[in-house]
Amino acid sequence: MLDLVRQGARTRPELVQRTGLGRKVVTQRVVQLADSGLVAEGDYGPSTGGRAPRELRFHADAGHLLVAQLGATSISVGTTDLAGRLLDERHEPARMSDGPDAVLGRVEELLDGLLARRPAGGPPIWGAGIGVLGPVDAATGAPAELPVLVDWGGYPVRDRLARRYGVPVWADNECNLMALGELRAGLGQGCRDLILVKVGTGIGAGLICDGRLHRGARGAAGEVGHVRVDPTSPVRCWCGHTGCLSALASGRALARAGTAAAADGRSPHLAAVQAAGGGIGAADVIAAAAEGDPVAVDLINQAGGWVGVMLAGLVNSHNPDLVLIGGGLATAGAPLLAAVRRAVYQYALPLATRGLRIELSLLGDRAGLAGAAVMVADKLFSRRRLGLWIDAASPLARADEIHAVV
């Protein structure tokens, strides 16, 4: 019942129609939700022949949520209402290689700053969500071990934040949360099947299948950066193999190729950047391409083409309505998008691409924050958890038990 109101059901007659329950049962449930502060009844809506019904509204300000997203080179944090509307946010560069204690310590400092800026007497914090690199164990909220981020493997991210803030906390892969954010608050609204690919320092994807996030048997779904797109490539990936998508098309790969182009004089623009004493990063290559540097343009086209080759396989196997490109390389804009589209339409089946939209993410860094809020709200209001705390009118009274429900 609550889910239907959250999704837009506006009156008791509509709830009767959509649930198949009797009017008395629906009225009882609505009264219980209203008593708990989750649903409010407003003005009278339009009549369909009888007495005009009162309109129902999800009380999104009954509580607030803390949200965070960790990228390989950045931190984003925010506060949201229970509907996922972002109320305040902070973004800054970071290095995950500094380890979980340093990075999460900074996350906590930023979240503390947001909490200090909230008006006195505001709604309580009901929960928190965080996106991290790599697969996450759903039972423990700890990241899986990755060769490039060994210190993060098994680290109790969820438990640390739960102790700090005294609220239920959930963690998931950052790309999964970006996909959820786009599904509920971005270009993916109304879609049932969606793929979001984050092309940043590394490359990963979030998969939405039939309206639900697909994590796979062990939470490793979407690790597309290790799809081998060029068997002839000698470039070795950190996973130990050659020809992986991340090794050829990620921000790290673009920086490496740009540095080589500057060193051998193929790109005067990038050579000037290097001569000025700065290292070449992916952002420098993107800026050079925007100014018409032909080598930089070729590098963007190559990266987009490799992403498109990988996506063609996903489009064939998952048949999505929408593919979204996010991450730092998405700032390359139309040239990158055009290269991705060309490869997808060249290599994917015509039936799979019929009606397919391939677009750049509009939410950007906010996608992961929106997705983290969606994750937490969906967990708090799930059938298995809502019954634990609704009578207490706040999940804070049963936070430990809520965590125990996997």
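None of these values were measured; they are calculated from a predicted model.

### Re the pattern of salt bridges
Alright, step 1. On inspection of all chains with the given rule, the structure shows 22 salt bridges.
Alright, step 2. Between R366 and E89 there is a salt bridge, with the nearest N and O atoms lying 3.0 Å from each other. Taken together, the residues span a long stretch of sequence, with R366 in helix α14 (residues 366-380) and E89 in strand β5 (residues 86-93) at a distance of 277 residues.
Alright, step 3. Take R366: its relative accessible area is 43%, and that puts it in the partly exposed class.

### Details of the side chain of S361
Alright, step 1. With respect to the helices, strands and loops of the structure, S361 is situated in the loop between β14 (357-360) and α14.
Alright, step 2. For S361, the side chain forms a polar contact with the main-chain nitrogen of G364, separated by 3.3 Å.

### Some remarks on the sheet that holds strand β6 (residues 125-132)
Alright, step 1. Read across the sheet, 5 strands follow the order β5-β4-β3-β6-β9 without closing on themselves; strand pairing throughout is mixed. On the outer flanks of this sheet lie β5 and β9 (169-173), each paired with one strand and no other. Within the sheet, the average angular offset between the axes of one strand and its neighbour, ignoring direction, is 15°.
Alright, step 2. In this structure, β6 lies alongside β9, joined through 5 bridges in parallel fashion. The residue bridging V132 from the neighbouring strand is N173, located in β9.
Alright, step 3. Of the strands in this sheet, β3 (64-70), β6 and β9 touch helix α5 (residues 157-165), which is tilted by about 150° from β9.

Conventions and cut-offs
Residues numbered from 1 in each chain as written. Predicted model: local features only at pLDDT ≥ 70, side-chain atom pairs only at ≥ 80, totals over all residues. Heavy atoms only, no water. Salt bridge = Lys/Arg side-chain N within 4 Å of Asp/Glu carboxyl O. Helix = DSSP H or I, 4+ residues; strand = E, 2+ residues; numbered from the N terminus. Buried < 20%, exposed > 50% of the residue type's maximum accessible area, 1.4 Å probe, protein only. Polar contact = N/O pair within 3.5 Å; in protein donor to acceptor, adjacent residues only side chain to side chain. Pairing = 2+ DSSP bridges. Axes fitted to C-alpha atoms, helices over the stretch in contact; angles between N-to-C directions. Contact = heavy atoms within 4.5 Å.

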